[in-house]
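# A structural walkthrough
Here is how the chains run, residue by residue.
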Amino acid sequence: MALAGSVVELQASSVKKKTAVSRSWILLDHYGKGTVLDADKYAIMRLVQIHARDLRILDPLLSYPSTILGREKVIVLNLEHIKAIITADEVLLRDPTDDDVVPIVEELRRRLPKVSAAEQGQGEEEACAQDGEGGEENEFPFEIRALEVLFEAICSFLDARTRELETSAYPALDELTSKISSRNLDRVRKLKCAMTRLTIRVQKIRDELENLLDDDDDMADLYLSRKLAASSSPTSSSDAPYWLYGSPNTGSKRHKSSRASGTTVQRENDVEELEMLLEAYFMQIDGTLNKLATLREYIDDTEDYINIQNLNTPLIA
């Protein structure tokens, strides 16, 4: 995708479309180099060939829930404050100056570039030394490396919010059991509301990851480089990267029983590396959800204790 031509087109579009709301984006290429764009939705649609209904998911004014969409040429992610469009060789990230987005941009700059030839040679030598069979280095395609950074960012962000809530909630609950007062009751009520809202957010991310893991076709749709290579040179396979055709290993944890065995094995091979990656983040977000469930139980137990002591004064409405 030619960046220079795209930037010119974006600038022209901002002049023509006076009625469109301008938004700030950063475009990161496969070298990790970023270009800040002031682009309206029409320019973004032309730049990455995305439908308006998919781009609408990223509109912060519409409050869409967390969503992961795999399309023919792009991946659309709406994960809380992370609103991104990923292609086979570029990442578009909305609001790059947002305090919560700035660290993600820096991490993308660091991890999107491929390992240099010298570093790759060193890595292969180390891998051979550690592995008697001397297996290949497991390097994901560009779009999967980008997904890894974004999944890691959202899971870490929600886990940090949960730890902050725990730090405030547990002492407040203990204080309430020792001294029942309007101030302590109101403090716990607010903490319980915050916990409920955070639980809904974490649950939505968990559900999105689970839905992906339960459908091999959806996971395969996230391999944009594979689809691009297949459409451009479907008969050429001699120099294709090994991840293009899947791994020979069969370590997948999830299976689709409705498919024929041969097709299932091939599909699992195609998405095995991505599946293991998603499962790691699924376990992380599930652990965060378990922390919130434990906190809810503690709140419920405290509420029961207070109600027993003062039957005529319910703890929280």
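Residues numbered from 1 in each chain as written. Predicted model: local features only at pLDDT ≥ 70, side-chain atom pairs only at ≥ 80, totals over all residues. Heavy atoms only, no water.

## Quick word on the overall build of the protein
A tally of helices and strands in the protein yields ten helices and six strands. Per-residue burial over the protein gives 42% buried out of 317 residues. Sequence separation of at least 24 residues holds for 67% of the intrachain contacts in the protein that already meet a minimum separation of 6. For the protein, the exposed surface amounts to about 16,800 Å²; the carbon and sulfur share of it is 51%. (Helix = DSSP H or I, 4+ residues; strand = E, 2+ residues; numbered from the N terminus. Buried < 20%, exposed > 50% of the residue type's maximum accessible area, 1.4 Å probe, protein only. Contact = heavy atoms within 4.5 Å. Areas by Shrake-Rupley, 256 points an atom, 1.4 Å probe, with all protein chains shown as cover.)

## Let's talk about the confidence of the model for the protein
Overall, the prediction assigns the protein a mean pLDDT of 79, with 72% of residues at 70 or greater. Across residues 117-121 the pLDDT falls below 50, and counting only partners more than four positions away or on other chains, this stretch makes three contacts in the model. In the predicted structure, residues 127-138 sits below a pLDDT of 50 and forms seven contacts with residues beyond four places in sequence or in another chain. (pLDDT = per-residue confidence, 0-100.)

## Details of the packing of aromatic side chains
The tally for this structure, following the rule as stated, stands at two aromatic pairs. With centroids separated by 6.4 Å and ring planes inclined at 45°, the aromatic side chains of Phe-151 and Tyr-281 adopt a geometry described as tilted. Here Phe-151, found in helix α6 (residues 142-178), pairs with Tyr-281, found in helix α10 (residues 261-309); they are 130 residues apart in sequence, far enough to count as distant. The same class applies to Phe-151 as to Tyr-281, namely buried. (Phe/Tyr/Trp six-rings, centres within 6.5 Å; stacked < 30°, edge-to-face > 60°.)

## Notes on a negative patch on the surface
Side chains of Asp-95, Asp-98, Asp-99 and Asp-100 sit close together on the surface and give a patch of like negative charge. Secondary-structure assignment places Asp-100 in the loop between β6 (90-94) and α4 (102-111). Note on Asp-100: relative accessible area 36%, which makes it partly exposed. (Patch = residues over 30% accessible without salt bridge, like charges linked within 9 Å, V, L, I, M, F, W, Y side chains within 5 Å. Salt bridge = Lys/Arg side-chain N within 4 Å of Asp/Glu carboxyl O. Lys, Arg positive; Asp, Glu negative; His and termini not counted. Charge placed at Lys NZ, Arg CZ, Asp CG, Glu CD.)

## A few points about the nonpolar core
Core analysis: the biggest nonpolar cluster contains 62 residues, and Leu-93, Leu-108 and Phe-151 have the highest contact counts within it. Sequence-distant contacts of Phe-151, defined by excluding residues within four places in its chain, comprise Ile-68, Leu-77, Leu-79, Leu-209, Leu-278 and Tyr-281. In terms of nonpolar packing, the next biggest core, distinct from the first, is built from 17 residues, Leu-37, Leu-47, Leu-69 and Val-76 among them. (Core = buried A, V, L, I, M, F, W, Y, C linked by side-chain atoms within 4.5 Å.)

## Quick look at unusual backbone geometry
Phi is positive for Gln-49, which is not a glycine, with a value near 55°. As for its placement among the helices and strands, Gln-49 is situated in the loop between α2 (41-48) and α3 (52-55). Within the chain, Asp-95 stands out as a residue other than glycine whose phi angle is a positive 55°. The topology assignment puts Asp-95 in the loop between β6 and α4. Since its relative accessible area comes to 32%, Asp-95 is described here as partly exposed.

## Structural notes on the sheet that holds β6
Taken in spatial order, the six strands make up an open sheet running β2-β1-β6-β5-β4-β3, and their pairing is antiparallel. The open sheet has two free edges, formed respectively by β2 (34-39) and β3 (67-70), since each of these has just one partner strand. On average, each strand axis in the sheet is inclined to that of its neighbour by 15°, with strand direction left out of account. Direction of pairing for strand β4 (residues 75-79) relative to strand β5 (residues 82-86): antiparallel, over a ladder of five bridges. Pairing of Val-76 across the sheet is with Ile-85, part of β5. (Pairing = 2+ DSSP bridges. Axes fitted to C-alpha atoms, helices over the stretch in contact; angles between N-to-C directions.)

## Notes on the pattern of salt bridges
Summed over all chains, the structure comprises 18 salt bridges. The residue Glu-175 makes a salt bridge to Arg-187 at a minimum N-O spacing of 3.1 Å. Residue Glu-175 is located in helix α6, and its partner Arg-187 is located in helix α7 (residues 182-213); the two are separated by twelve residues in the primary sequence. Judged by its relative accessible area of 30%, Glu-175 is partly exposed. We classify Arg-187 as partly exposed; its relative accessible area is 32%. Salt bridges linked by common partners bring Glu-107, Arg-110, Arg-111, Glu-148 and Glu-152 together as one network.

## Structural notes on the packing of α6 against α7
For the pair α6 and α7, the least separation of the axes is 10 Å and the interaxial angle reads 155°. With respect to their mutual orientation, α6 and α7 come out roughly antiparallel. Classified by chirality, the crossing of α7 by α6 is left-handed. Across the contact of α6 with α7, the residue classes tally to 18 nonpolar, three polar and five charged. (Parallel < 35°, antiparallel > 145°, perpendicular 65-115°, else oblique. Left-handed = near helix turned anticlockwise from the far one by under 90°. Nonpolar A, V, L, I, M, F, W, Y, C, P; charged D, E, K, R; others polar.)

## Here's the deal with α2
Restricting attention to buried positions, one finds in α2 the residues Ala-43, Ile-44, Leu-47 and Val-48. An end-on view of α2 places all buried positions within 110° of arc, on one side of the element. Among the residues trailing α2, Gln-49 stands out with phi positive, at a value near 55°. (Arc of directions from axis to C-beta.)

## Quick look at the packing of α4 against α6
The contact between α4 and α6 brings their axes to 10 Å, and the two run at 150°. Two packed elements cross with a definite hand, and for α4 against α6 that hand is right-handed. Residue-level contacts link Ile-104, Glu-107, Leu-108 and Arg-111 of α4 to Arg-145, Ala-146, Glu-148, Val-149, Leu-150, Glu-152 and Ala-153 of α6. Taken together, the residues that form the contact of α4 with α6 break down as six nonpolar, no polar and five charged.

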